[in-house]
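# Geometric and topological summary
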Amino acid sequence: MTYFAIAVGAPLTIMAGAVSTGYAITGQIGIPLGFVLMGVVLGLFCVGYVTMAPHVPNAGAFNAYISKGLGRPAGVAGGWASLIAYNTMQIGFFGALGDATEPLFRGWFGLELAWWAYSLAGWAIVAYLGLQHIDLNGLVLCVLMIAECLVIIVYSIANLANPAAGAVTVDTLSLGNLFAPGVGVLFAIAILGFVGFETTVVLCEEARSPRRTVPVATYLSLGAMTLLYALGS
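The notes below deal with the structure included here. (Residues numbered from 1 in each chain as written. Predicted model: local features only at pLDDT ≥ 70, side-chain atom pairs only at ≥ 80, totals over all residues. Heavy atoms only, no water.)

## Structural notes on the nonpolar core
With 25 residues, the main nonpolar core has Ile 14, Met 15, Phe 35, Phe 194, Phe 197 and Tyr 229 as its most contacted residues. Among the secondary structure elements, those contributing two or more residues to this core are α1 (2-9), α2 (11-26), α3 (31-52), α7 (134-161), α9 (183-193) and α11 (210-232). Counting residues per element, this core draws most heavily on α3, which supplies 6 residues. Those residues in contact with Phe 194, other than ones at most four positions away along the chain, are Phe 35, Met 38, Gly 39, Leu 42, Leu 222, Met 225, Thr 226 and Tyr 229. (Core = buried A, V, L, I, M, F, W, Y, C linked by side-chain atoms within 4.5 Å. Buried < 20%, exposed > 50% of the residue type's maximum accessible area, 1.4 Å probe, protein only. Helix = DSSP H or I, 4+ residues; strand = E, 2+ residues; numbered from the N terminus. Contact = heavy atoms within 4.5 Å.)

Here it is in structure tokens:
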């Protein structure tokens, strides 16, 4: 359950895409602190979130909780908002996959294919795996999640061992650098990095002991993602 949540968060995509783009566009160096603060805020949110999970066992998670507390119309609205938002993000990710893969395959194998061909290939693979048993999907996600986390950790250690200007600083963790122009983009990047950690409660019905498993998995995934993002960025 923990690695499912981390895998859905796609740490390497956040590091290579959102974080690098955020630094380039905003010039804001408080991104690591933004991840830490967002992790703390989500940790407080999880207190109620995981407590509710065993009492409302439903794969719909957010929209089921909203329906229980605010009524069915609000729950349906929340479900539609999530459906549109997640699928819009998914379309963007497939586009990013094609754009990132095209130059690699051209350089490695001399293939001259349009970016959208790689996007369609990625979509087909995802669609196929989505129809398979969860054991296969779990194995694939576990391998990819471990690989991407190792890439982030190895590169982070390499950068710490060879810092710019020859010295390691903690300026990125200074509050003074957080509330500078571009802080809105900073927090948008930070919250994007944690999209998917809430997946643990979706699997509540599959857990043998949801009252214990769901909270542990949720806090573990949130803590691991916070540390990984803060270190990598």
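So, next bit.
## Comments concerning the packing of aromatic side chains
Inspection of every chain in the model, using the stated rule, returns 9 aromatic pairs. Plain terms: the ring middles of Phe 105 and Trp 108 are 6.3 Å apart, the flat faces sit at 40° to each other, and that makes the pair tilted. Taken as a pair, Phe 105 and Trp 108 lie in helix α5 (residues 72-109) at a separation of 3 residues, close to a single helical turn. Of the residues examined, Phe 105 reaches a relative accessible area of 29% and is grouped as partly exposed. Overall, Trp 108 belongs to the exposed group, its relative accessible area being 59%. Taken together, the ring pairs connect Phe 105, Trp 108, Phe 109 and Tyr 118 into an aromatic cluster. (Phe/Tyr/Trp six-rings, centres within 6.5 Å; stacked < 30°, edge-to-face > 60°.)

Everything listed is a geometric property; what it means functionally is a separate question.
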